[in-house]
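# Structural characterization, general
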There are 2 protein chains.
Amino acid sequence: MTRTPDLYEADLHACLEDPVLGAIGFLNEVMDRHPDAISFAPGAPHPDFVQGLDPRALTDRFLTHLRTDRGLDPSRAERVLYEYGPAQGLINDLVTDALRTDQGIDAAPEDVVITVGAQEALLLTLRALHRNAGDLLAVADPCYPGVVGAARLLGIPVTDVREGTAGLDVDHLAARCAQARAEGRRVRACYVAPDFSNPGGARMPLAARHALLDLAQREDLFLVEDNAYGFTAAEDDTLPGLKALDTRRRVVHVGTFAKVGFPGARVGYAVADQRVGHSSGERSLAQALADLKTVVTVNTSPLSQAVVGGLLLEHGRSLRALARGKAERYRANLARLTDALERHLADGMPAGVSWHRPAGGFFVRVDLPVPADLALLEVSAAQYGVLWAPMRQFSLTDRGDRQIRLSCSYLEPDRIETGVRRLAAFLTKEAAG
Amino acid sequence: MTRTPDLYEADLHACLEDPVLGAIGFLNEVMDRHPDAISFAPGAPHPDFVQGLDPRALTDRFLTHLRTDRGLDPSRAERVLYEYGPAQGLINDLVTDALRTDQGIDAAPEDVVITVGAQEALLLTLRALHRNAGDLLAVADPCYPGVVGAARLLGIPVTDVREGTAGLDVDHLAARCAQARAEGRRVRACYVAPDFSNPGGARMPLAARHALLDLAQREDLFLVEDNAYGFTAAEDDTLPGLKALDTRRRVVHVGTFAKVGFPGARVGYAVADQRVGHSSGERSLAQALADLKTVVTVNTSPLSQAVVGGLLLEHGRSLRALARGKAERYRANLARLTDALERHLADGMPAGVSWHRPAGGFFVRVDLPVPADLALLEVSAAQYGVLWAPMRQFSLTDRGDRQIRLSCSYLEPDRIETGVRRLAAFLTKEAAG
């Protein structure tokens, strides 16, 4: 029986037609069609890392904390987990302790809002900072699709700023600000992941970080720093994040416990210590974000917060040690990936193919001399049994048209080896210039 | 040390200035200032109802289900809980079974998206259905502030439709549609809670439900049905919900497990079985909502879904029995509240004071002959030790200016009795016409 649809896609909000919203579904669909292909596409944390997790023990640890440190009687402590909770969060003090120890970020609990993953933190931050129709969001391009998607959902216009392997091009951002001003608009905020960005794998040098902070001050714009992959840096090779360097409260710092802790808990946070003046006083920007949160998700599941709170307590309010072990594994995977690429292509590097060797993160960007489109991905999957993510889907421009993203986070070492062998064959025969 | 704020409220998104966003915080603040007052303000579920809950046992029940019914090996089943999951949800089949058994709603799992509470389901639904600048959201007025707040956050213009004790005024909605058409706009969707709405406590008669569905079909608009309080009806006094009566797929049904199940899990859902046509085929509106969800919260915590899934499995995929016990208690509280009002005011009903006796829900609407403003609330709290919610904060018009909302869900019977005694004194002395 054929029946007429009740609606057409064009009857729904325009953001649903934006490819960024379909990007994840599309990759899953290709993976489903090629179950035997080795996939460098997904950027998910390694499955081994959730195996030692025990939500029960972690919840118990948090309940003990509520009783002993916060003085709640046992039944009141349990009710904290089972009932609604404050929109701003339950574990803000544990998170600020960890931020101080692990990242040198000095924030008070009221400067933090606990969110359903970093994604909700991004959505709330973009919403709060966008006041006028002429307020632009600048994004490092290529960009994590969740940021552009959230902006589209909110109706916020987006402008791209080049990001190379050395991170965001600060001069290009300055040019974007000048251009916006000439058009009677302004760049209100700029999204950037200075440490091993997704998808580009880029890291900003220290000088560029300072230059970016200076520009933000000069242009009166806010930086939205995403720090999902910062933990993967080697201990003797870390750079301070933007928020740690932020003496003028220009940075809203967004983080997640999904990569270091527990993806299934869906707990993230925003650090927004900006003071917001109003008629009867002042509050933190995080408190305004919490107000917005009441109409998005009301509050983050106390059950989930308890698990993450337990994890923080279990590790002395610092996830550095936990992060260190995982970071070593990810860096080993990354080295294996780039080593294997060099090894397998040693006898004849395909013309026009190149990649960089990031010092951390999950991602390697590969430049091709040919368009890395869906047709090419289909060839790679069907004929060579290897999958990757076209950079095109992460870019607002044509910059990503001849690039692919390889992710090494989810694969076992032997699969990386085999996958790269297939990839080398594919690159040599199909992607050479 | 005085320092200049970094920002002013007027620099942030305008929705933050809307009183609906501050409504919850404001009531909490008044309650904090008057800890000894008896509060009829909060609409939270009764704390007793979470006491029998055992998240561990419920999670185990869900893990057993993943192993035995879905054939996952034990380590794969655990990973389902710990890792990211599908945006559309993990427990859709359990939810559709319960909807069929408990509410006569016939939906397929792909017609459902599992959300972070009903609030996220509302946000996603409003976003998807709003295409053009001239698309209005009509809301029953007075209205649950989460709906108006979500519309403000999304920049969706809102129009009010009168709601009396017999529910939404369908003729007024028809007039709003005509008015919008005359202005070159259209009412795209209408939010309504036909069963014991929050805050009004109204219930729509069956004939009005049919009339509303007919109007929706005629005007090509969608009804967003919120069913949070439907479960509180007596078994011999239930009416079919809009979605159960919806033969033309005009209704998106939004629900929550917070009231019957587990507030702390933060799990809700939308039933959106509308077929959406696009270039290469068709999908359900729920699948489009899941796409939107990828840029709001990515996915609902699998840990939370496991707890709710366990609850559904534990009760034979039906929450009717669970709801019945709670409903009896809430109805008893409601009767106690209205009985006590009558008893305590028997010797001299204050002129111009009246209320209705709802057959279910958490809320009683009281009409006053004087403005029910913050000054009056302060008098009530400080001098009489009793708190209530001004209806003003739930209304887009001045309709609520002389009304208050009393909630009976959170209080013990003896507190209701004492609270009403105080309320009667307050009404007699301060609120008489």
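These remarks concern the structure in this document. These numbers were taken from a predicted model, which means no experiment stands behind them.

Locating Asp273(A) in the fold gives a position in the loop between strand 10 (268-271) and strand 11 (275-278). With sequence-adjacent residues up to four places away left out, Asp273(A) is seen in contact with Asp111(A), Lys243(A), Arg249(A), Val251(A) and Asp6(B).

Let us now look at the packing of aromatic side chains. Residues and elements named next belong to chain A. Summed over the entire model, instances satisfying the criterion amount to 20 aromatic pairs over all chains. Judged by centre distance (5.4 Å) and plane angle (80 degrees), the ring pair of Tyr229 and Phe363 falls under edge-to-face. In this pair, Tyr229 is assigned in the loop between strand 8 (222-226) and strand 9 (251-256) and Phe363 in strand 14 (residues 363-367), connecting sequence segments 134 residues apart. For Tyr229, a relative accessible area of 7% puts it in the buried group. Ring centres 5.4 Å apart and planes at 50 degrees place the aromatic pair Phe257 and Tyr269 in the tilted group. Placement of Phe257 in the loop between strand 9 and strand 10 and of Tyr269 in strand 10 is noted, with a sequence separation of 12 residues between them. An aromatic cluster is defined as three or more aromatic residues linked by ring pairs; in this entry it consists of Phe49, Tyr229, Phe231, Tyr330, Phe362 and Phe363.

Let us now look at the pairing of strand 4 (residues 135-141) of chain A. Residue and element names in this part refer to chain A. Most of strand 4 is tucked away, with 7 of its 7 residues classed as buried. Side chains Asp135, Leu137, Val139 and Asp141 project from strand 4 onto one buried face, and the interleaved Leu136, Ala138 and Ala140 project onto a second face that is buried too. One ladder, built from 5 bridges, connects strand 4 with strand 7 (residues 186-192); its direction is parallel. Bridge pairing links Val139 to Tyr191 in strand 7. Examined bridge by bridge, strand 4 and strand 5 (residues 158-164) share 5 bridges and lie parallel to one another. In the strand pairing of strand 5, Leu137 is matched with Val158.

Another point: the interface of chain A and chain B. The interface is formed by 79 residues belonging to chain A together with 79 residues belonging to chain B. Here chain A packs against chain B, burying approximately 7,000 Å² in sum over the two surfaces, 58% of which is carbon and sulfur. A salt bridge links Asp6(A) to Arg249(B), with the nearest nitrogen and oxygen atoms 2.6 Å apart. There are 45 residue pairs in polar contact (both at pLDDT 80 or more) connecting chain A and chain B. With 6 residues, helix 5 (residues 117-129) of chain A is the largest single contributor of residues to the side of chain A that touches chain B. Residues that form the side of chain A that touches chain B fall into these classes: 41 nonpolar, 17 polar and 21 charged. Two strands pair when backbone bridges link them, and strand 11 of chain A and strand 1 (residues 7-8) of chain B are joined in this way by 2 bridges, in the parallel orientation. Note that in strand 1 of chain B the partner of Val276(A) across the bridge is Leu7(B).

Looking now at the sheet that holds strand 16 (residues 389-390) of chain B. Judged by pairing direction, the sheet is antiparallel, and its 4 strands sit side by side in the order 13-14-17-16 (chain B) without closing on themselves. Looking along the sheet, the strands with just one partner apiece sit at the ends: strand 13 (354-355) and strand 16 of chain B.

What follows is about the packing of helix 11 (residues 320-344) of chain B against helix 13 (residues 413-430) of chain B. All names here are of chain B. Orientation of helix 11 relative to helix 13, taken along the N-to-C sense of each, is 35 degrees, at an axis distance of 9 Å. The way helix 11 lies across helix 13 gives a crossing that is right-handed. Residues Asn333, Arg336, Leu337, Ala340, Leu341, Arg343 and His344 of helix 11 pack against Pro413, Ile416, Glu417, Val420, Arg421, Leu423, Ala424 and Leu427 of helix 13. Residue composition of the contact of helix 11 with helix 13, by class: 9 nonpolar, 2 polar and 4 charged.

This brings us to the pattern of salt bridges. Any two side chains of opposite charge can pair, given that their charged atoms come close. Residues and elements named next belong to chain A. All told, the structure shown has 71 salt bridges over all chains when counted by the stated rule. For Arg185, the salt bridge is made with Glu183, and the minimal N-O distance between the two is 3.6 Å. A relative accessible area of 35% means that Arg185 is categorised as partly exposed. Given a relative accessible area of 45%, Glu183 falls into the partly exposed group. Within this structure, Asp97, Arg100, Asp106 and Arg317 form a network of salt bridges that share partners.

Reading the values: rules and limits
Once a new chain begins, its residue numbering starts again from 1 and follows that chain's sequence as written. Labels follow written order: the first chain is A, the first ligand is 1, and so on. Two thresholds apply to this predicted model, a pLDDT of at least 70 for residue-level local features and 80 or more for giving and counting side-chain atom pairs, whereas whole-chain, interface and lining totals are computed over all residues. The basis for the side-chain values is all heavy atoms of the structure; hydrogens and waters are excluded. Comment: elements are numbered from the N terminus, with helices defined as DSSP H or I runs of at least four residues and strands as E runs of at least two. Residues are treated as being in contact if the distance between any of their heavy atoms lies within 4.5 Å. In summary, the pairing rule links any two rings of Phe, Tyr or Trp, Trp by its six-membered ring, whose centres are within 6.5 Å, and it sorts them by plane angle into stacked for under 30 degrees, edge-to-face for over 60 and tilted for everything else. Think of it in three bands: residues with accessible area under 20% of the maximum for their type are buried, residues over 50% are exposed, and the middle band is partly exposed, with areas taken using a 1.4 Å probe on protein chains only. Strands pair, by our definition, only if DSSP identifies at least two bridges between them. Throughout, buried area stands for the accessible area (probe radius 1.4 Å) lost by two parts on being put together, summed over both. The rule for a salt bridge is simple: a side-chain nitrogen of Lys or Arg has to be within 4 Å of a carboxyl oxygen of Asp or Glu. Counting of polar contacts relies on pairs of N or O atoms within 3.5 Å, with two restrictions inside protein: one atom must be capable of donating a hydrogen and the other of accepting it, and residues adjacent in sequence are counted only when both atoms are side-chain atoms. Basically, the charged four are Asp, Glu, Lys and Arg, the nonpolar ten are Ala, Val, Leu, Ile, Met, Phe, Trp, Tyr, Cys and Pro, and anything else, Gly included, counts as polar. In this description, a line fitted to the C-alpha atoms serves as the axis of each element, helices being fitted only across the stretch in contact, and the angle between N-to-C directions of two axes falls anywhere from 0 to 180 degrees. Crossings are sorted by hand: turned counterclockwise from the far helix by less than a right angle, the near helix makes the crossing left-handed, and turned clockwise it makes it right-handed.

In short, geometric facts, not functional conclusions.
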